[in-house]
Amino acid sequence: MTQTFPTDWDIEKYRDDTDPEEHWLLRKEFMKVHKGKFPEDYLVALAKTFTNIEFMGCSYPAPLMLRIAELSKDVAKTYREIKKTKLQRTFVSASNAAENKI
């Protein structure tokens, strides 16, 4: 039997004004997908861990990394597909720019 947890809490209360919009939206989506599967405080911590891994390259003990990888599979896939379609910055050295008169 699978245990369920209350879902009547507001995800929005965990928004941090210092987070970039992209970070918040991904963390929020993670929480929406898994709301009711874990206790509120644990899910909030998992979501923060997920975005720390995704955006900042943080690493954690192997069991936690595996759990986050499994839980974020679909959420991260969608984000990464969107990210691929965004324009990528191109860095050009000053000398190349001068040579090409860009």
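For every chain, the first residue of its written sequence is number 1, and the numbers climb from 1 along that sequence. Restriction of local features to residues with pLDDT of at least 70 applies here, the model being predicted, together with a cutoff of 80 or more for giving and counting side-chain atom pairs; totals for whole chains, interfaces and linings are based on all residues. Hydrogens and water molecules were not included; the side-chain quantities draw on all heavy atoms of the structure.

As annotated in an unreviewed UniProt entry, the protein carries the name XRN2-binding (XTBD) domain-containing protein and comes from Asbolus verrucosus.

## Side note on the pattern of salt bridges
Definition in use: The salt bridge criterion pairs a side-chain nitrogen of Lys or Arg with a carboxyl oxygen of Asp or Glu, the two atoms within 4 Å. Counting from the N terminus, the helices are DSSP H or I runs at least four residues long and the strands are E runs at least two residues long. Relative accessibility thresholds used throughout: buried, under 20% of the residue-type maximum; exposed, over 50%; partly exposed, between the two (1.4 Å probe, protein chains only).
A complete count under the given rule lists eight salt bridges for this structure. For the salt bridge of Lys-28 with Glu-12, the shortest nitrogen-to-oxygen distance reads 2.6 Å. Of the two residues, Lys-28 sits in helix 1 (residues 21-34) while Glu-12 sits in the segment before helix 1, which places them 16 residues apart along the sequence. Since its relative accessible area comes to 23%, Lys-28 is described here as partly exposed. Here Glu-12 falls in the partly exposed class, since its relative accessible area comes to 34%.

## Remarks on the layout of surface pockets
Rules: A 1.4 Å probe that fits but cannot get out identifies a cavity on a 1 Å grid over protein atoms alone, an open set with protein on both sides within 12 Å along at least five of seven lines counts as a pocket, and a residue lines either if it has an atom within 4 Å of a point. Grid points are joined across faces, edges and corners, and a volume is the space filled by probe spheres set on the points. The classification used treats Ala, Val, Leu, Ile, Met, Phe, Trp, Tyr, Cys and Pro as nonpolar, Asp, Glu, Lys and Arg as charged, and all other residues, Gly among them, as polar.
Each pocket or cavity is described by its volume, and for the largest pocket that value is around 260 Å³. If you trace the largest pocket, you find 12 residues lining it, with Leu-25, Leu-26, Glu-29, Tyr-79 and Ile-82 closest to the centre. When residues of the lining of the largest pocket are assigned to their parent elements, the largest contribution, seven residues, is made by helix 1. Classifying every residue of the lining of the largest pocket gives six nonpolar, one polar and five charged.

## Thoughts on the nonpolar core
The following threshold applies: Only buried residues count toward a nonpolar core. Its members are Ala, Val, Leu, Ile, Met, Phe, Trp, Tyr and Cys residues joined through side-chain atoms within 4.5 Å. Residues are treated as being in contact if the distance between any of their heavy atoms lies within 4.5 Å.
Counting residues in each nonpolar core, the largest one holds 17 residues, and the members touching the most others are Trp-9, Phe-30, Met-31, Leu-43, Leu-46 and Phe-50. Going through the elements one at a time, helix 1, helix 2 (40-56) and helix 3 (62-85) are the ones with two or more residues in this core. If sequence neighbours within four positions are ignored, Leu-43 has contacts with Trp-9, Phe-30, Met-31, His-34, Lys-35 and Phe-38.

## A closer look at helix 2
Which entries qualify depends on this criterion: Given the number of residues in a helix, its expected span is that number minus one, multiplied by 1.5 Å.
With 17 residues, helix 2 extends 24 Å between its outermost C-alpha atoms, agreeing within 8% with the 24 Å of an ideal straight helix rising 1.5 Å per residue. Considered for burial, the residues of helix 2 that qualify are Leu-43, Val-44, Leu-46, Ala-47, Thr-49, Phe-50, Thr-51, Asn-52 and Glu-54. On its buried face, helix 2 is in contact with helix 1 and helix 3. After helix 2 finishes, the residue Gly-57 shows a positive phi value of roughly 70°.

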